[in-house]
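# Report on the structure
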Amino acid sequence: QVQLVESGGGLVQAGDSLRLSCAASGRAFNSYVMGWFRQAPGKEREFVAAIRWTGDFTHYADSMKGRFTISRDNAKNTLNLQIDSLKPEDTAVYYCAVHRWYKWPPVLEYDYDYWGQGTQVTVSS
C-alpha cells in the first residue's frame, strides 16, 4: 500500500513558477514509476509527466515539454513537479500517482494504481 499527499499548490499569477511536491509513504517507493496528472474544470484528467524509479528517465506529454520538470528524491520519498512560466490554462488540480508495473512510459490513467488527493493550482491572468 502506498499513500500519496500532494502539496505546493495555490493561487499564482501568470508568469510565476511553482513547485509541487508529493510525499509518499509505504513500501518500495523507490521501485516505482511515478507520474503527475492534472484535471482542469470540466475536462478529463490528462497526463503531465512520468519518471522512472532511478530518476534518470523522464517522459512528458508533448504539450508539457519545456515548462514542466519532474524529479524525485528517493531518499526523502518525494516526487516533485516544477512548473515555470505559468499560464491561466495551467489552472487545474494536480495529482501524483504510482505505477507499480513495467510499462514505459505509462501515460494513461489506468496505468496507475495509487493516487493522491490532488493539489489545486490556480493561475490568474
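Look above for the structure.
Here's a quick rundown of the structure.

## Points about the overall build of the chain
What the chain contains, in helices and strands, is zero helices and eleven strands. Along the chain, helices and strands appear, N-terminal first, in the series β-β-β-β-β-β-β-β-β-β-β. Taken over C-alpha atoms, the radius of gyration comes to 13 Å for the chain, in line with the 14 Å a tight globule of 125 residues would show. A buried classification covers 42% of the 125 residues belonging to the chain. When contacts within the chain are restricted to residue pairs at least 6 apart in sequence, those whose partners lie at least 24 apart make up 58%. Summed over its atoms, the accessible surface of the chain is roughly 6,400 Å², and 48% of this surface lies on carbon and sulfur atoms. The chain carries 13 positive and 13 negative side-chain charges, and their two centres are separated by 4 Å.

## Comments concerning the state of the cysteines
Scanning all chains against the criterion turns up one disulfide. Paired by a disulfide, Cys-22 and Cys-96 hold their sulfur atoms 2.0 Å apart. Handedness of the Cys-22-Cys-96 disulfide follows from its S-S torsion of about 55°: it is right-handed. With Cys-22 in strand β3 (residues 18–26) and Cys-96 in strand β9 (residues 92–99), the pair connects residues that are 74 residues apart, well separated along the chain. For Cys-96, a relative accessible area of 0% gives the class buried.

## Some points on the pattern of salt bridges
Side-chain pairs of opposite charge can arise where the charged atoms are in close proximity. For the coordinates displayed, the defined rule picks out seven salt bridges. Measuring nitrogen to oxygen at the nearest pair gives 2.9 Å for the salt bridge that ties Asp-90 to Arg-38. You can see Asp-90 sitting in the loop between β8 (78–83) and β9 and its partner Arg-38 sitting in strand β4 (residues 33–39), a full 52 residues away along the chain. Taking the relative accessible area as the measure of exposure, Asp-90 reaches 0% and is therefore buried. A relative accessible area of 10% means that Arg-38 is categorised as buried. Lys-103 is the partner of Asp-111 in a salt bridge, and the nearest nitrogen-oxygen pair spans 2.9 Å.

## A short note on the nonpolar core
Within the largest apolar cluster, 37 residues are counted, with the highest numbers of intra-cluster contacts made by Leu-4, Trp-36, Leu-81 and Tyr-94. Aside from chain neighbours lying at most four places away, what touches Leu-81 is Leu-18, Arg-19, Leu-20, Trp-36, Val-48, Phe-68, Thr-69, Ile-70 and Tyr-94.

Here is what the cut-offs are and how they apply
- Residues numbered from 1 in each chain as written.
- Predicted model: local features only at pLDDT ≥ 70, side-chain atom pairs only at ≥ 80, totals over all residues.
- Heavy atoms only, no water.
- Helix = DSSP H or I, 4+ residues; strand = E, 2+ residues; numbered from the N terminus.
- Rg over C-alpha atoms; globule rule 2.2 N^0.38 Å.
- Buried < 20%, exposed > 50% of the residue type's maximum accessible area, 1.4 Å probe, protein only.
- Contact = heavy atoms within 4.5 Å.
- Areas by Shrake-Rupley, 256 points an atom, 1.4 Å probe, with all protein chains shown as cover.
- Lys, Arg positive; Asp, Glu negative; His and termini not counted.
- Charge placed at Lys NZ, Arg CZ, Asp CG, Glu CD.
- Disulfide = S-S within 2.5 Å.
- Salt bridge = Lys/Arg side-chain N within 4 Å of Asp/Glu carboxyl O.
- Core = buried A, V, L, I, M, F, W, Y, C linked by side-chain atoms within 4.5 Å.

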